[in-house]
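Fold and contact review
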Amino acid sequence: VTFPYALSGSALRIRPSPIRELFAMTRRPGMISFAGGWPDPAIFPVAEFAEGVEVLSRLGPEVLQYGATEGYAPLVEELCRWLTPRLGRTPAPAELVVTTGSQQVVDLLGRVLIDPGDVVVVEAPTYPGALHTLRNLGARFAVVPCDGGGMPVDRLAEVLERCRSEQGRPPKLIYTIVNFANPSGACLAADRRPAVLDLARRHGVPVLEDDPYGELRFRGEALPSLYSLAGGEGVVWAGSFSKVLAPGVRVAWAVGEAEIIRSVVLVKQGVDLCTSVVSQALTAEYCRRGHLERHLGKIRAHYAAKAAAMSAALAATLPPGRAAWQDPDGGFFFWLRLPECDSRVLFRRAVERGVAFLPGAAFFPDPAETVGAPVDGAPFARLCFTFATPDEIVEGCRRLAAALS
Ligand SMILES: Cc1ncc(COP(=O)(O)O)c(C=O)c1O
């Protein structure tokens, strides 16, 4: 039976997420999954989080009520304090909005900035969830092919110039994942950060700095956020509790200039009125009790060990010359370059052998929605190292190597 009513242009544009489709296969019994970008549930701070449930007895009537769209005040306070070192200043409450996941930041800011047909500059490769959301809004994508240091400044300059000359106006937004990017694991190099901001400023393009992985550095020195380098001007910085605490809380935030945050808040009013106050209150309690910093230390060490296990297993098993990668210093991912390989074909073979990953094509916009030259995702694969156990990592890499040979 076909649905007999006319759908909106945006509903007609929506395609099922290729990732969600692949997940069905990764759920088979015995399958080792490097596919989802999932934290390790074995290390969720269940007992510490549960302590906060006491807030329901203490403040139940307030916590069970509708809340402010801007966010639950005690959580906003905790966030403003905790974020100060990374942002280089303490944001005023009017410069921050709590959101339902950082996925919602992309959506809300997209709605504030994007009209159908507008161009967004993205890294190639980039986070498919952002492509999906921005695509729903009718965005087209200008891609900056990245290397181990993120966006090369000259390539970004070319893309911005080309947009201006071909579209007659600059792009509407630069979307960048500056730390341990999904999927590449790369960090935007320190010397590129001010240069990227300088280009954005000169072309009059705002930047969305999406940073859910920045706290998960287990090697090397933290790099300054674009937000801090810009003194807060022209940059919206998004963070999330999903990777550092638990994605089930669905609590994230955006920080930016008060005017743009005000617009985001107005759009959010029409989307969900407010993020779950219960969830925000439990998260605020967790932070107030000092658990977050302790937990961060624990997960950094935990994920460092898993990344080392995957690095060693890949080096020991993959046929020489058939795969190249750069070991990540944090985050969740290994990004393999597989010369002369179509990772979709490899995916099917790997799944037959009981290991799943994500083929590269998911991380690049389609040619039809790309402004300028598209990038072919076929010779790439993303492996998530945080979800599988160390034994599964070793066995999964062995199965992957068998599929690759
Ligand atoms: C770069 C990036 N941004 C945003 C998200 C969405 O995270 P959440 O909505 O759970 O905060 C993810 C999740 O994988 C991500 O990798």
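Residues numbered from 1 in each chain as written. Predicted model: local features only at pLDDT ≥ 70, side-chain atom pairs only at ≥ 80, totals over all residues. Heavy atoms only, no water.

Look at helix α5 (residues 73-87) against helix α12 (residues 277-288): their axes get within 8 Å of each other, and the N-to-C directions meet at 40°. In terms of their interaxial angle, α5 and α12 are classed as oblique. Between α5 and α12 the crossing geometry is left-handed. Contact residues: α5 offers Pro 74, Leu 75 and Glu 78, while α12 offers Gln 280, Thr 283, Ala 284, Cys 287 and Arg 288. (Axes fitted to C-alpha atoms, helices over the stretch in contact; angles between N-to-C directions. Helix = DSSP H or I, 4+ residues; strand = E, 2+ residues; numbered from the N terminus. Parallel < 35°, antiparallel > 145°, perpendicular 65-115°, else oblique. Left-handed = near helix turned anticlockwise from the far one by under 90°. Contact = heavy atoms within 4.5 Å.)

Moving on to the site of the ligand. Of all residues adjacent to the ligand, which total 14 residues, the nearest are Asp 210, Tyr 213, Ser 240, Ser 242 and Arg 250. The contact in question runs from an oxygen atom of the ligand to an N or O atom on the side chain of Tyr 213, over 2.6 Å. Take Ser 242: an N or O atom from its side chain is 2.6 Å from an oxygen atom of the ligand. Here the ligand has 400 Å² of accessible area as a free molecule, and 92% of this is covered by the chains. (Near = heavy atom within 4 Å. Polar contact = N/O pair within 3.5 Å; in protein donor to acceptor, adjacent residues only side chain to side chain. Areas by Shrake-Rupley, 256 points an atom, 1.4 Å probe, with all protein chains shown as cover.)

Under the criterion given, the structure shown has 23 salt bridges. Close ionic contact of Glu 95 with Arg 89 constitutes a salt bridge, the shortest N to O distance being 3.2 Å. Take Glu 95: its relative accessible area is 13%, and that puts it in the buried class. Of the charged contacts, one joins Glu 285 and Arg 288 as a salt bridge, the two residues approaching to 2.9 Å between their closest N and O atoms. Here Glu 285 pairs with Arg 288, and both are found in helix α12, just three residues apart, close to one helical turn. Judged by relative accessible area, Arg 288 falls into the partly exposed class, the value being 49%. When salt bridges that share partners are traced, they join Glu 51, Glu 54, Arg 58, Glu 285, Arg 288 and Arg 289 into one network. (Salt bridge = Lys/Arg side-chain N within 4 Å of Asp/Glu carboxyl O. Buried < 20%, exposed > 50% of the residue type's maximum accessible area, 1.4 Å probe, protein only.)

A separate point is the sheet that holds strand β8 (residues 252-255). On the basis of which strands lie adjacent, the open sheet formed by eight strands has the order β2-β8-β7-β6-β5-β3-β4-β12 and mixed pairing. Each having just a single partner strand, β2 (96-99) and β12 (370-371) make up the two edges of the open sheet. Looking at chain direction, strand β3 (residues 119-124) and strand β4 (residues 140-145) are connected through six bridges and run parallel. Paired with Val 121 across the two strands is Ala 142, which belongs to β4. (Pairing = 2+ DSSP bridges.)

Taken in spatial order, the three strands line up as β9-β13-β11 in an open sheet, and their pairing is antiparallel. Lying at the two open borders of the sheet, with one neighbouring strand each, are β9 (333-337) and β11 (358-359). One ladder, built from two bridges, connects β11 with strand β13 (residues 380-384); its direction is antiparallel. Bridged to Leu 358 within β13 is Arg 382.

What follows is about a nonpolar patch on the surface. A surface patch of nonpolar side chains, about 500 Å² in accessible area, is lined by Phe 3, Tyr 5, Leu 7 and Leu 12. As for its placement among the helices and strands, Phe 3 is situated in the segment before α1 (9-13). (Patch = residues over 30% accessible without salt bridge, like charges linked within 9 Å, V, L, I, M, F, W, Y side chains within 5 Å.)

What follows is about the side chain of Glu 285. When its relative accessible area of 6% is taken as the criterion, Glu 285 is described as buried. The contact partners of Glu 285, leaving out residues within four places of it in the chain, are Gly 52, Glu 54, Val 55 and Arg 58.

Turning next to the environment of Leu 75. With respect to the secondary-structure elements, Leu 75 resides in helix α5. Under the relative-accessibility criterion, Leu 75 is labelled buried at 0%. Distance from Leu 75 to Thr 275, taken between C-alpha atoms, is 12 Å for residues 200 residues apart in sequence. Not counting residues within four places of it along the chain, the set of residues in contact with Leu 75 comprises Val 98, Phe 241, Val 251, Gln 280, Thr 283 and Ala 284.

This part takes up helix α13 (residues 291-317). For α13, spanning 27 residues, the distance from its first C-alpha to its last is 39 Å, which sits close to the expected 39 Å at 1.5 Å a residue. All buried positions along α13 are accounted for by His 291, Leu 292, His 295, Leu 296, Ile 299, Tyr 303, Lys 306, Ala 307, Met 310, Ser 311, Ala 313 and Leu 314. In this fold, the buried residues of α13 make contact with α3 (46-51), α5, α12, β9, β13 and α15 (390-404). (Expected span 1.5 Å × (residues − 1).)

With that settled, the discussion passes to helix α14 (residues 343-352). The set of residues buried in α14 consists of Ser 343, Leu 346, Phe 347, Ala 350 and Val 351. Axial view of α14: buried residues confined to an arc of 130°, hence all on one face. Residues Arg 348 and Glu 352 are exposed on α14 and point more than 90 degrees away from its buried face. Capping the start of α14, Asp 342 holds a side-chain oxygen 2.9 Å from the backbone nitrogen of Arg 344, two or three residues further along. Among the residues trailing α14, Gly 354 stands out with phi positive, at a value near 90°. (Arc of directions from axis to C-beta.)

Once that is clear, we can look at the packing of aromatic side chains. By the definition in use, this model includes 18 aromatic pairs. A centroid spacing of 5.5 Å and a plane angle of 85° characterise the contact between Trp 335 and Phe 363, whose relative ring orientation is edge-to-face. A residue pair is termed long-range when its members are at least 10 positions apart, and Trp 335 in strand β9 and Phe 363 in the loop between β11 and β12 qualify at 28 residues. Under the relative-accessibility criterion, Trp 335 is labelled buried at 11%. An aromatic cluster is built from Trp 82, Trp 237, Phe 241 and Trp 253, whose rings are joined through pairwise contacts. Over the face of the ring belonging to Trp 82 we find Arg 86, whose NZ or CZ atom lies 5.3 Å from the ring centre. (Phe/Tyr/Trp six-rings, centres within 6.5 Å; stacked < 30°, edge-to-face > 60°. Lys NZ or Arg CZ within 6 Å of the ring centre and 35° of its normal.)

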